[in-house]
Structures are given as C-alpha cells and as structure tokens.
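Take a look at the letters that make up each chain.
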Amino acid sequence: MPTDVIMPQMGESIFEGTITKWLKKPGDKVQRDEPLFEISTDKVDAEIPAPASGVLQEIKVAEGNTVQVNTIVGTISADGESAAPAKTSAPAPQAPVASENKEPPKPSAPPVAARSEVETHDEDVRSSPLVRKIARENNVDLSEVPGTGLGGRITKQDIMAYIEKGPVAAPPAPAPPAPVSRPTQAPTPAAIPGDLVPMSQMRKIIAQRMIESRRTSAHVHCMFEVDLTRIVNLRNQLKQGFEQRNGARLTFMPFFVRAAIIALQQFPIVNGSLEGENIRYHRHINAGIAVALDWGLIVPVLKNADELNFLGLQRGISDLGERARNKKLMPQDVEGSTFTITNPGQFGAVFGLPIINQPNSAIMGVGGITKQPMVITDRDGNDSIAIRSIVHLTLGYDHRLIDGAVADQFMALVKKTLENWSEEVG
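Residues numbered from 1 in each chain as written. Predicted model: local features only at pLDDT ≥ 70, side-chain atom pairs only at ≥ 80, totals over all residues. Heavy atoms only, no water.

Some thoughts on the overall build of the chain
Part 1 of the argument: Per the secondary structure count, the chain includes 7 helices and 19 strands.
Part 2 of the argument: Put simply, the chain has 426 residues, and 46% of those count as buried.
Part 3 of the argument: Sequence separation of 24 or more characterises 67% of the internal contacts of the chain that already satisfy a separation of 6 or more.
Part 4 of the argument: Put simply, the chain shows about 21900 Å² of open surface, and 52% of that area lies on carbon and sulfur atoms. (Helix = DSSP H or I, 4+ residues; strand = E, 2+ residues; numbered from the N terminus. Buried < 20%, exposed > 50% of the residue type's maximum accessible area, 1.4 Å probe, protein only. Contact = heavy atoms within 4.5 Å. Areas by Shrake-Rupley, 256 points an atom, 1.4 Å probe, with all protein chains shown as cover.)

Structure below.
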C-alpha cells in the first residue's frame, strides 16, 4: 500500500501550512527522512522529510497552496509497486495576491475532501489561540469576522483587517481563479522590472507583523557610539585558538548579547512586556537573534541566555543561525523572546532604526564596525587623536513602558561593558 505524505503540525497553535517547494518530482526515488518538500507556516519555514522509502507516486497539493495540517499532500509507493509515477494531480493555480493581504482558499486535489468555505457558526468559531487572544484584547466578537481560511477558519489576517477597517459585510464567494503561470521554484522569484509577482508566505507574515508592531508600540529610538577597539583587538588575538579549542567561530555577536544581558539584569523593565494594563517582568532573558535569509528575515530565540557563559552564547548563536539558514528550525525555536538584537551592520549600515519584535519592549540594532579618528583623553587630561574601531548601537523601545532616561541608562551600561570588556572569552 502507498504511504501517505501529510502536512505536519509544526506546533500546537499552527493549523495550516503552505507548500513552497517540492524537492522531488513524481517518479523520483526517495529515502526515509530525506527532505521531500518545504513548507511555510506562521512561525517557520521548514524542510519536511519523507515518511518512508520508495518512489514519489503522486503530488496531490501543488506548490503555493495552503492546506490544513494532516492533509494528504502526496503519496509514496514501495519500490516494487507499479504506481503511475509520472502522474501528478493538476496543480491548483495560485491566485493573485488579494487585497488586505488575504489569500483566498485554493482548491485541493480530488482525493482531499472538499471543505465548505463557511463553516463558522456562533457556537463553533474556527480560529487559532492567537486569533482569539487578539479578539479578546480588542473586544471583537469573532462570530462577526468573515473567515477566509480553509473551512471558514478565521486567520490572523482576517482579524487584523477587521480591526483596522471595522465591521464590513462578508464578501461574496470568489469566482474560481483564472489560470496563471506558476512561480519559479526559488523561494523568492527573481523579479523582472515591470512584473507583478505574488508575495511569499514569509513576506506576507513579515509585513503583517511589522505593521502590527508599529500600530501597537510607541516607538522611540536612541543611538550610542561605542569604542569597540578593545574587543576588536581581543577577537583578532583569540579567534584562531578559540575555533581550534571549541569548534566554533568567534564572532562579535556574543559580545553584544552578553553586554545586553548585563544591562537587562540591571534594568529589568527593558526585558519586560505589556499585558493589558499590567507589566510582565520575565524571570529569564530569552534573546531573539535576527537572522537575514535569502528569502526573508527570521528571529530564532536563545532561551535562558542569562544562564549561559560566553562560549555557550557563541555556540547557541551559531547553532540557531545555521539551522535558520538550512530550514531546520522548529516553532519553539522562534517563540518566547523577551529582547531582540538585530545586526544591519553586517551589510555595511552605519546604524538602523529597527521595529520592535512583539511582544518585546525593546530591540537593539548593531551597526557596522568601522575605523574612525577619535579624540582620546588620557589620565592626565591630555587629548590626542587616534584611530579607533567604532560601532553605533541603536535601541528601539516602547515608550509606553520604558522612559527615555531608563533607555539611555541601559545603553550607557551596554557601552561601558563593551568599552571596558574584562570577561573571559574562553
């Protein structure tokens, strides 16, 4: 009997996923646990392994389609079975991006049971815990929100559009989408000037979260210039031996993370978050480390970073970055951050004004490290000009929780820690 390939549930709060790429085509041999297809969810992009060895018999859900978890998306036949390997279910064409960033339900292949577009009733509103939380915080009756997800499920896009525009009449059922050319298999298609291409699932999520954060937090930024010469020289001296001893590259990021941890311990409000009219003071520091990918941006989380030594920070940061780039992150790897650090300086930016990663209250941006002339005052008060390694650090913070004086004191401590680094690197 053929083995069904199903859309996995990548977390308790995840109910659907988008197939972004099939790594095999019908008729190809596959090995158990070999990457078979890629998916995108509200949390992560991930490679999904084959559940069995054999031949990919049929693809039931084409690239670009979003289906609920546990939906059969393909089948694998045993090596000896004479399945029709060249058969592929006709792909449902991807509809153009709808207004309000909502994606109409796409018809699935015949073997997948068709679902009614409206199954939502007052006694059984289909939605995720996140949607219900947003509804409670905004006093929204979910029975009045039109759901565009499979089976009439109310998605995050639906509730955010409803809150932004107010109650509107439910739109009529959309006509079957006209056939369009399928996008290239690359995660982010190379656009030709003048072309109109649909946003990827990850790009839609990033867009929604950035607008939501701007609408939620009272953003203020402060910037500090930091003399990083001591750390630059220390890293140059130790990086070769560090890698030989520990099997990990010595980067600048753990220095910034460690300095932020020290300051967060002194100013716990910066590590807090707003819950209604209450402030949550988190017991631990879960550092979100923004990782730039070829197809978007993701923020994996280094849990309990305050309990790690310098080597632990470096190993944890390297592990999260590598798994993010190889699509090996799990939903729990991107949840629970209490403070975020992003590094636009790796691409040459002098500094950035980052948007807060909700529900955090602050985010620290690390600019590029450059050599600049600086006036140096010695112990006797004599001034001289020297070439120093300078970095500009920016703190974006929620002014509802954090006063400007507290933000400045926080960053002053980060600056002092970095300029007078004395901790063992390992």
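As for the packing of aromatic side chains
Part 1 of the argument: In this structure the tally under the stated criterion is 6 aromatic pairs.
Part 2 of the argument: Consider the rings of tryptophan 22 and phenylalanine 37, whose centres lie 4.9 Å apart with planes at 40°: the pair is tilted. Linking tryptophan 22 in strand E2 (residues 16-22) with phenylalanine 37 in strand E4 (residues 35-40), this pair joins segments that are 15 residues apart in sequence. With respect to burial, tryptophan 22 and phenylalanine 37 carry one shared label: buried.
Part 3 of the argument: Measuring from centroid to centroid gives 5.0 Å for phenylalanine 255 and tryptophan 421, while their planes differ by 65°, and the two rings are edge-to-face. Of the two residues, phenylalanine 255 sits in helix H5 (residues 253-266) while tryptophan 421 sits in the segment after helix H7 (404-419), which places them 166 residues apart along the sequence. Tryptophan 421 shares its class with phenylalanine 255; the two are buried.
Part 4 of the argument: The ring of phenylalanine 252 has arginine 235 sitting right over it, with the charged end atom 4.6 Å from the ring centre. (Phe/Tyr/Trp six-rings, centres within 6.5 Å; stacked < 30°, edge-to-face > 60°. Lys NZ or Arg CZ within 6 Å of the ring centre and 35° of its normal.)

What to know about a nonpolar patch on the surface
Part 1 of the argument: Taken together, Met223, Val350, Phe351 and Leu353 make up a surface patch of nonpolar side chains, about 380 Å² in accessible area.
Part 2 of the argument: In this structure, valine 350 sits in the loop between strand E16 (339-342) and strand E17 (362-366).
Part 3 of the argument: Owing to a relative accessible area of 47%, valine 350 belongs among the partly exposed residues under this scheme. (Patch = residues over 30% accessible without salt bridge, like charges linked within 9 Å, V, L, I, M, F, W, Y side chains within 5 Å. Salt bridge = Lys/Arg side-chain N within 4 Å of Asp/Glu carboxyl O.)

Concerning the sheet that holds E2
Part 1 of the argument: A sheet is described by the order of its strands in space; here 4 strands give the open sequence E5-E4-E2-E7, paired in antiparallel fashion. For this open sheet the edge positions go to strand E5 (45-49) and strand E7 (66-68), each flanked by a neighbour on one side alone. Along the sheet, successive strands turn relative to each other by an average axial angle of 40°, direction set aside.
Part 2 of the argument: Relative to E4, E2 runs antiparallel, the two sharing 4 bridges. Bridging from a neighbouring strand, threonine 18 pairs with serine 40 of E4. (Pairing = 2+ DSSP bridges. Axes fitted to C-alpha atoms, helices over the stretch in contact; angles between N-to-C directions.)

Section: the pattern of salt bridges
As a working rule, side chains carrying opposite charge can pair if their charged atoms are close by.
Part 1 of the argument: A complete count under the given rule lists 12 salt bridges for this structure.
Part 2 of the argument: Between aspartate 319 and arginine 323 there is a salt bridge, with its nearest N and O atoms 3.1 Å apart. Note that aspartate 319 and arginine 323 are positioned in helix H6 (residues 310-325) at a spacing of 4 residues, about one turn of the helix.
Part 3 of the argument: Here arginine 323 falls in the partly exposed class, since its relative accessible area comes to 22%.
Part 4 of the argument: One salt-bridge network, held together by shared partners, links Asp319, Arg323 and Asp333.

Details of the nonpolar core
Part 1 of the argument: Grouped together as the largest cluster of nonpolar side chains are 78 residues, with contacts concentrated most on Phe339, Met364, Leu393, Leu395, Phe410 and Leu418.
Part 2 of the argument: The contacts of leucine 418, once residues within four sequence positions are left out, are Val226, Leu228, Ile231, Phe255, Phe256, Ala259 and Leu393.
Part 3 of the argument: Within the second largest apolar cluster, 10 residues are counted, among which are Val131, Ala135, Val145 and Ile154. (Core = buried A, V, L, I, M, F, W, Y, C linked by side-chain atoms within 4.5 Å.)

Comments concerning the environment of glutamine 57
Part 1 of the argument: Inspection of the secondary structure puts glutamine 57 in strand E6 (residues 54-59).
Part 2 of the argument: Residues glutamine 57 and threonine 3, spaced 54 residues apart in sequence, show a C-alpha to C-alpha distance of 9.3 Å.

Some thoughts on helix H3 (residues 201-216)
Part 1 of the argument: Here H3 spans 22 Å end to end across 16 residues, near enough to the 22 Å set by a 1.5 Å rise per residue.
Part 2 of the argument: Every buried residue belonging to H3 is among Gln201, Met202, Lys204, Ile205, Ile206, Gln208, Glu212 and Ser213, and all of these are buried. (Expected span 1.5 Å × (residues − 1).)

Remarks on the side chain of asparagine 360
Part 1 of the argument: Relative to the elements of secondary structure, asparagine 360 occurs in the loop between E16 and E17.
Part 2 of the argument: Here asparagine 360 falls in the buried class, since its relative accessible area comes to 2%.
Part 3 of the argument: Within the structure, asparagine 360 has its side chain in polar contact with the backbone oxygen of serine 337 (distance 2.8 Å).
Part 4 of the argument: Each residue touching asparagine 360, except ones within four places of it in the same chain, is listed here: Gly272, Ser337, Thr338, Phe339 and Thr340. (Polar contact = N/O pair within 3.5 Å; in protein donor to acceptor, adjacent residues only side chain to side chain.)

So, the side chain of threonine 41
Part 1 of the argument: In this structure, threonine 41 sits in the loop between E4 and E5.
Part 2 of the argument: Excluding residues that lie within four positions of it along the chain, threonine 41 makes contacts with Met10, Ile14, Glu16, Gly17 and Ile205.

A look at the packing of H5 against H6
Part 1 of the argument: Running from N to C, H5 and H6 point in directions that differ by 120°, and their axes come no closer than 9 Å. Classified by the angle between their axes, H5 and H6 sit oblique to one another. Helix-helix and strand crossings are classified by hand; for H5 and H6 the assignment is right-handed. Note on element contacts: H6 touches H5 through Phe310, Leu313, Gln314 and Ile317, opposite Met253, Pro254, Phe255, Val257, Arg258 and Ile261.
Part 2 of the argument: Partitioned by chemical class, the residues of the contact of H5 with H6 number 8 nonpolar, 1 polar and 1 charged. (Parallel < 35°, antiparallel > 145°, perpendicular 65-115°, else oblique. Left-handed = near helix turned anticlockwise from the far one by under 90°. Nonpolar A, V, L, I, M, F, W, Y, C, P; charged D, E, K, R; others polar.)

Quick notes on the packing of H5 against H7
Part 1 of the argument: With their axes 9 Å apart at the nearest point, H5 and H7 run at an angle of 135° to one another. Accordingly, the angle class assigned to the pair H5 and H7 is oblique. Regarding H5 and H7, the two cross each other, and that crossing is right-handed. Residues Phe255, Phe256, Ala259, Ala260, Ile262, Ala263, Leu264 and Gln266 of H5 lie in contact with H7, whose contacting residues are Phe410, Leu413, Val414, Thr417 and Leu418.
Part 2 of the argument: Each residue belonging to the contact of H5 with H7 can be placed in one class, and the counts come to 11 nonpolar, 2 polar and no charged.

Quick look at the confidence of the model for the chain
For residues with low pLDDT, the predicted coordinates do not support detailed interpretation.
Part 1 of the argument: Confidence along the chain averages 82 in pLDDT terms, with 79% of residues attaining 70 or more.
Part 2 of the argument: For residues 83-124, every residue scores under 50 in pLDDT, and the model assigns this stretch 80 contacts once sequence neighbours within four places are set aside.
Part 3 of the argument: Segment residues 168-188 is flagged for pLDDT under 50; beyond a separation of four residues in sequence, or across chains, it makes 23 contacts in the model. (pLDDT = per-residue confidence, 0-100.)

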